[in-house]
Amino acid sequence: METFALIRRQPVALVSLLSALPSVIGNRNGIGLSWDSTDYIAVGLSMAAGRGALDVTGVPMAIRPPGLSAFVAVGDWISLSPDVSLRIVNALCMMVIVWCTHALLSRAGVGPVARWTGVALVALSPALVDIFTMAWSEPPFIALVLVAMVIATRERSWPWDLALAAVFTALFFMRYVGPFYAVPIALIAARVQVRRSGVMLSFLRAGTSLSISMVLPWLWLMRNKDLTGYLTGYRQPGGGTLLDPLKTFTGTLGSWLIARPPLDGKGGIYLKWSDFSALMQVAGVVLWVVLVLVLVGFFIRARQQSRDAIVIVAACAFVFIVYSGFSVYRFVYHEMGPLDSRMMSGLYVPIILMLVVALDSLRGTRLPLVLPALLLMLPAWHAVTTVNNSIDFGRDGRYWGSEFHRSVPIHEFAASLPADAAIYSNEPQSLFAATFHWPIRNQYMYQNPYDLPCSRRYFVWFNQSFLPDGKPVGGTVLYEDSWGQVIDLDACNTDIARFWP
């Protein structure tokens, strides 16, 4: 009864609960898996077994932080499968995001129509449901960003600064880019506190929160450097000019607006401007223009705005500028990670908040009637797309998490191998997604000591592979079809090197 009473008093509680449904429906046949999903899960299972943060192949993980893997480890300790654990995480994170969106819009003092329109654009976002139906680190990361903004955009007592430090730390361990969100949020937190605590104390408190939050990340980065020689693992820069990733980001904004991913969501790390449709390109440019115009107008009329509205718009704008600027620079000089929907997903809700608060401030002014109509039509279009996408995603599952992937005959045969078998493959991540057998070494790791007790070795060779060379010779073929072969490599106490003469 108390729950129903809470929902009657706080309808956002019901809306937050319902916002998890697209994710739940989209994951009903298993959460989507990609290459990095398998490493997140493998690291989590390895951590749960007390072996440390080891990836699919049994090598210490450095290229990705272990935050999402910690949820897998906790789930394993309480007998939940990785699939179930991450479905729960994604659903809960969406609920947190929607609640925080409503809290920030309420704090900004926007009208009820604008507030619930903003909530709908988040709760029923095709861009977000695409991410929340995958085993990725973005769902908890976005939730943490919003929690940090809720804390930072109001005056607070000092224990909240410790909470902010904990959130900043968690941001790093979810995604290495966490500090590029934490720094602008910390500066906003300091500015908000000035009226209550004074300039020196406010910036000291925010700086202390930020400094404390860097202790554990620094230790992790030093661990990575000791293991690999790089702070976050080896990464290949994209090169080119700064305009290239900026154009990709523009296309991404356009794809969010029209609720369609470029290349049907199969762009990968080589996504470029020409991969976006003309409609996406135009929509992205239009969104840039609208965003700039409404923000400039909002700050020109700052004296007419409430302090909370200014703080929230400024916080979102600062996060947007710092992270997008860093992302453009990073693509060219540090990492070939296109500014696609997944990479820039942490900015989705801040963009919605900026637009809703700034446009709501125009109430009472003469606006073209088409603008309010478009603003009401947009969440309706997004809602229909989200419902359709979630049903479609849940029908068979996504990518390597699909029922089709698990039921491929060679995968089923590999899954039937003894639990204590040592398995090798030229597609270890793909095979792990179908079997959850750990570790799965590739053909170049045959001389690495196998740290677990094993009875017999097998190699699962795929004809289509990113590692097409180095097939073992001389083993007994146990299974063969058009996909590949399963080869017996003899007992674990024999010399494996003879299969690679």
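Just above, that's the structure.
Keep in mind it's a predicted model, so treat the numbers as computed, not measured.

Reading the values: the criteria
- Residues numbered from 1 in each chain as written.
- Predicted model: local features only at pLDDT ≥ 70, side-chain atom pairs only at ≥ 80, totals over all residues.
- Heavy atoms only, no water.
- Salt bridge = Lys/Arg side-chain N within 4 Å of Asp/Glu carboxyl O.
- Helix = DSSP H or I, 4+ residues; strand = E, 2+ residues; numbered from the N terminus.
- Buried < 20%, exposed > 50% of the residue type's maximum accessible area, 1.4 Å probe, protein only.
- Core = buried A, V, L, I, M, F, W, Y, C linked by side-chain atoms within 4.5 Å.
- Contact = heavy atoms within 4.5 Å.
- Pairing = 2+ DSSP bridges.
- Polar contact = N/O pair within 3.5 Å; in protein donor to acceptor, adjacent residues only side chain to side chain.

## Section: the pattern of salt bridges
Under the criterion given, the structure shown has 18 salt bridges. The partner of R64 in a salt bridge is D39, with the nearest N and O atoms 3.0 Å apart. Linking R64 in the loop between helix 4 (35-48) and helix 5 (67-77) with D39 in helix 4, this pair joins segments that are 25 residues apart in sequence. Assigned by exposure class, R64 and D39 land together as buried. It is possible to trace a salt-bridge network through shared partners that takes in D36, E138, R175 and R342.

## Section: the nonpolar core
Grouped burial of nonpolar side chains is what soluble globular proteins tend to show. Judged by nonpolar contacts, the single largest core of 84 residues is most densely connected at F168, L347 and M354. Top element by residues in this core is helix 16 (residues 307-333). It accounts for 14 residues. Residues A414, A421, V460 and V486 belong to the second largest nonpolar core, which totals 29 residues.

## Considerations on unusual backbone geometry
If a residue is not glycine, its phi is most likely negative; likewise, a peptide bond is most likely trans. Between W438 and the following residue, P439, the backbone shows a cis peptide bond with an omega angle of -10 degrees. Residue placement: P439 occurs in the loop between helix 21 (428-435) and strand 2 (440-441). Of note, A259 is a non-glycine position whose phi angle comes to about 65 degrees, a positive value. When you line up the elements, A259 lands in the loop between helix 14 (243-258) and helix 15 (278-300).

## What about the side chain of T101?
Mapping T101 onto the fold places it in helix 6 (residues 82-108). In this structure T101 comes out as buried when scored by relative accessible area, which is 1%. Residues contacting T101, with those up to four places away along its chain left out, are G118, V119, V122, L146, V349 and L353.

## Some remarks on the sheet that holds strand 4 (residues 476-480)
A sheet is described by the order of its strands in space; here 5 strands give the open sequence 2-1-3-5-4, paired in mixed fashion. The open sheet is flanked by strand 2 and strand 4, the only strands paired with a single partner. The pairing of strand 4 with strand 5 (residues 484-491) spans 4 bridges and is classified as antiparallel. Within the sheet, the bridge partner assigned to E480 lies in strand 5 and is Q485.

## Overview of the side chain of D161
Position of D161 among the secondary structure elements: in helix 10 (residues 158-174). Within the structure, D161 has its side chain in polar contact with the side chain of R205 (distance 2.5 Å). When neighbours within four sequence positions are excluded, D161 is seen to be in contact with R156, R205 and S209.

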